[in-house]
Amino acid sequence: MSSWEDEDSAAASAAATTDVELLKRAWRNEKAAPEILHFDSALVSRAREQIQLLEETLDDFTDNGVDDLVVSLYQMDLDRTLFLLRSYLRLRLQKIEKYMFHIANSEDLLSRLSQQEQRFAKSCKEIMEKHLEQSVLSKLPYGYDSVTRQSLSSTEDDMVPEPQLDTFVFCKTKSDVGAFQLDDVGEEVVDLVADDLYVLRYKSIKGLVEAGRIDLI
C-alpha cells in the first residue's frame, strides 16, 4: 500500500472515531428519551459513508496481505459503527410503531423524522387503521367505532398512546448551565454544573437535550 493510501486510511479512521462518538451519543439520547428526537441526517450520512470506506479498506487490506492485527482493529471499528447505526435506526422505528397516531397528528413530531421514517409512519398508521376497522371497530356500536377515541363523548384522542414526558431520566451536563428552573412556577430550581450527573424529569430538560447541552445516559 502506498504512503498516500496510508494517510487516507489514517485520516478516515480518525474521522470515523469522531463520528462514532457522535453516533453513540445520538444512540444513547434516543434510547433514554421517552419521545422520538430529531433525526440527525448529516451524522447518519457520514456514518454510512465511513462504513463503506471501512469495508473498502478491509477489502484492500485482504488483497495486500496486511497484518491480521491491523485487519482485526479495522473490523472492530466497522462492527461497532454498524451496531450503533442499526440500533439507532431500530430504536426510532420502534418509537414510530408505538406512537404512530400521536406522531401523525403532530407537525412538530413529523418534522423530526427522516423522509423514509415519515413514509414508514404513514404506512404503519394506514395498516393499523385498516386492521382495527376490519377486526374490531366494524363490529362495535355506532359511537364506539373510532380508532382514536373511546366514544363520541370523548373530547380528545384518549385512545392514542403518548410518550410519558414526565419520566425521570439520567443525564449529564456538557457545560455549566447555572440555575435552571425545572417547573413552570419557579419552585424547583437546580444548579446544573458541567460534567455532573442528575436524575431529572425529561420534560424539564428536553430543551437542553435538543440544544445539545445535556446528554441522556
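Residues numbered from 1 in each chain as written. Predicted model: local features only at pLDDT ≥ 70, side-chain atom pairs only at ≥ 80, totals over all residues. Heavy atoms only, no water.

- Going by what an unreviewed UniProt entry lists, the chain is known as DNA replication complex GINS protein SLD5 and is assigned to Aegilops tauschii subsp. strangulata.
- Its UniProt record gives the chain a comment under Subcellular location (unreviewed entry), which states: "Nucleus".
- The chain has a UniProt comment under Sequence similarities (unreviewed entry) that states "Belongs to the GINS4/SLD5 family." (UniProt positions renumbered as here; feature names shortened; annotations may be inferred.)

Here we look at a negative patch on the surface
Part 1 of the argument: A contiguous patch of negative charge, built from E55, E56, D59 and D63, is present on the exposed surface.
Part 2 of the argument: Relative to the helices and strands, D63 resides in helix α2 (residues 41-64). (Patch = residues over 30% accessible without salt bridge, like charges linked within 9 Å, V, L, I, M, F, W, Y side chains within 5 Å. Areas by Shrake-Rupley, 256 points an atom, 1.4 Å probe, with all protein chains shown as cover. Salt bridge = Lys/Arg side-chain N within 4 Å of Asp/Glu carboxyl O. Lys, Arg positive; Asp, Glu negative; His and termini not counted. Charge placed at Lys NZ, Arg CZ, Asp CG, Glu CD. Helix = DSSP H or I, 4+ residues; strand = E, 2+ residues; numbered from the N terminus.)

Details of the packing of aromatic side chains
Part 1 of the argument: Summed over all chains, the structure comprises three aromatic pairs.
Part 2 of the argument: For the ring pair W27 and F83, a centre distance of 6.2 Å and an interplane angle of 65° mean the geometry is edge-to-face. Of this pair, W27 sits in helix α1 (residues 3-32) while F83 sits in helix α3 (residues 68-98); the two residues are 56 residues apart in sequence, bridging distant segments of the chain.
Part 3 of the argument: Given a relative accessible area of 16%, W27 falls into the buried group.
Part 4 of the argument: On the numbers, 4.9 Å between centres and 85° between planes, the contact of F61 with Y74 is edge-to-face. You can see F61 sitting in helix α2 and its partner Y74 sitting in helix α3, a full 13 residues away along the chain.
Part 5 of the argument: Accessibility expressed as a relative area gives 4% for F61, which makes it buried.
Part 6 of the argument: Classification of Y74 as buried rests on a relative accessible area of 13%. (Phe/Tyr/Trp six-rings, centres within 6.5 Å; stacked < 30°, edge-to-face > 60°. Buried < 20%, exposed > 50% of the residue type's maximum accessible area, 1.4 Å probe, protein only.)

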